[in-house]
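# Remarks on the overall topology
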Amino acid sequence: MTLRSLGRALAALTAFLVLTLVLARPARAKGSSVDERLAKVLARHGFTGEIESTLESRLGRKLDKKLAKLGRDLFFDSLLGLNDDNSCSGCHAPTTGFADTQSIAIGIENNGVVGPHRTGPRNQRRTPTIINTAFYPALMWNSRFFAVSGDPFDNSQGFSFTAPEGMSLSSLPHLLNAQAFIPPTEVTEMTGYEAPPSHDVVRGEVTERVNDVKAYRKRFAKSFRAVKRGDDITYEMIAAAIAEFEMSLTFADAPIDRFARGRRHAMTLKQKRGALLFFGEAGCVRCHAVSGESNEMFSDFQQHAIGVPQIAPKDDPAHSNVVFDGPNADEDFGLEQVTGDPADRYKFRTSPLRNVALQPTFFHNGSFTSLEGAIRHHLDVYTSATEYTNKHLDRDLRGEMGPLAPVLAAVDPLLQQPIDLTEEEISWLCAFVGEALLDPRATPKRLEALIPEELPSGREVHRFE
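Once that is clear, we can look at the sheet that holds strand β2 (residues 138-139). Across the sheet, which stays open at both edges, the three strands sit in the order β2-β3-β4 with antiparallel pairing between neighbours. A single partner strand is all that each edge strand has here, and the edge strands are β2 and β4 (159-160). With two bridges joining them, strand β3 (residues 145-147) and β4 adopt antiparallel strand pairing. Considered in β4, the bridge of Ala 147 is made with Phe 159.

With that out of the way, let us pick up the confidence of the model for the protein. Per-residue confidence for the protein averages 93 on the pLDDT scale, and 92% of its residues sit at or above 70. Note that residues 3-7 has pLDDT below 50 and, in this model, one contact with residues that lie over four places away or in other chains. For the stretch residues 13-29, pLDDT sits under 50, and the model shows zero contacts to residues farther than four places along the chain or on other chains.

Structurally, Arg 203 is set in helix α7 (residues 199-211). Since its relative accessible area comes to 7%, Arg 203 is described here as buried. A distance of 3.2 Å separates the side chain of Arg 203 from the side chain of Glu 165, its partner in a polar contact. Looking at Arg 203, its side chain comes within polar contact range of the side chain of Asp 200, at 3.2 Å. Filtering out sequence-adjacent residues up to four positions away, Arg 203 remains in contact with Glu 165, Phe 181, Ile 182, Thr 185 and Tyr 235.

In this section: the packing of aromatic side chains. Scanning the model with the defined rule gives 20 aromatic pairs in all. Measuring from centroid to centroid gives 6.0 Å for Phe 98 and Phe 245, while their planes differ by 75 degrees, and the two rings are edge-to-face. Of the two residues, Phe 98 sits in the loop between α4 (88-91) and β1 (113-114) while Phe 245 sits in helix α10 (residues 235-248), which places them 147 residues apart along the sequence. Judged by its relative accessible area of 0%, Phe 98 is buried. Judged by relative accessible area, Phe 245 falls into the buried class, the value being 3%. Ring pairing ties together the aromatic residues Phe 47, Phe 278, Phe 279, Phe 298 and Phe 432, which thus form one cluster.

Rules used in this analysis
- Residues numbered from 1 in each chain as written.
- Predicted model: local features only at pLDDT ≥ 70, side-chain atom pairs only at ≥ 80, totals over all residues.
- Heavy atoms only, no water.
- Pairing = 2+ DSSP bridges.
- Helix = DSSP H or I, 4+ residues; strand = E, 2+ residues; numbered from the N terminus.
- pLDDT = per-residue confidence, 0-100.
- Contact = heavy atoms within 4.5 Å.
- Buried < 20%, exposed > 50% of the residue type's maximum accessible area, 1.4 Å probe, protein only.
- Polar contact = N/O pair within 3.5 Å; in protein donor to acceptor, adjacent residues only side chain to side chain.
- Phe/Tyr/Trp six-rings, centres within 6.5 Å; stacked < 30°, edge-to-face > 60°.

Set out below in structure tokens:
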């Protein structure tokens, strides 16, 4: 090869390499640009991805695994229900992320099944998840239980409950300890229609039941010195055990958290683009907040009316054990039930979105049964609600729906204008919410492992589908 031909070959090779670099640079820059933009967005919103690591420091102690295990057994035991047929796990199912298996919960007088084939009279709303509730400053769909300070770890200003408890549970160390006093007293959830005359009497009878079980006394003695000395188990001890179990159900290490901590490959490009829409053009973060009191839970824990169609098992009274609101008993007035203010009608707490893909149904009444459908509803409330049909729901929820016009008239201003996204952008948003907010430790298979094989009371565990 002559020097001239060698020079031409080198020049051609150089040109080829330069062209390759030029063509490759935009792709790399594009990915890098998305990462940089998302990192800046998360920083601007104060999202650290480290919320789970703060649990024990905010509690001021380590989680008590032995107490949590005791709380788990109590959580799954119908002994705590005076109707003798339901437990906390009957509505908070590990098979669905400790949320409901139903569109509208079924409590007492159930068939012992937890899953799609659960039957019995329905309550009024869907059971929300208890995963990550250690960080929730407000509980329940109408936020009727909340920490006045806005911090569930801080009882300095008290914990507010509806009557008859009021502020009487404020001495307890955490909002979950206080909330654990309530479920056994709920007539339609666990107590049954032949309820004792007061909540304190209900809790007294539940405590007596637990005290009568030698295996429970032995377990409580390992965690409470008073019981070891021979004193009775108290309901406060029962509540502490259940709360400890619920605190142990903290799963807040999703791809978005790992990305925020610097692992840029923890999320797919599709998820990252969805995140940018979530925090930007789609406006989701305005309600599904991550800053301040939200504790990075993707909820502002405030009440909003978002035009959800009204469903109720009204065609057959035997299908419901709750009297719904409105002149035709087919409405749910939401926050108004707590405040008495008509301006609060149809308002419900913003649903926290962590691990939301584990749920089979969405919104306060489970009227939507796909995450994509729930997301699309937010993007165009009026069209979604107007075109909605309940034909996909369980048979007893397919009757005539409640009035829609007043629901749409009350829609929050934040959702009154449609949000115009392309089909591709909607797929990105679904990928972010459904995949990037899901902690891989919270898969159904792993959560099912928490179901005890047997209970200290000797009672049967529910049949989980």
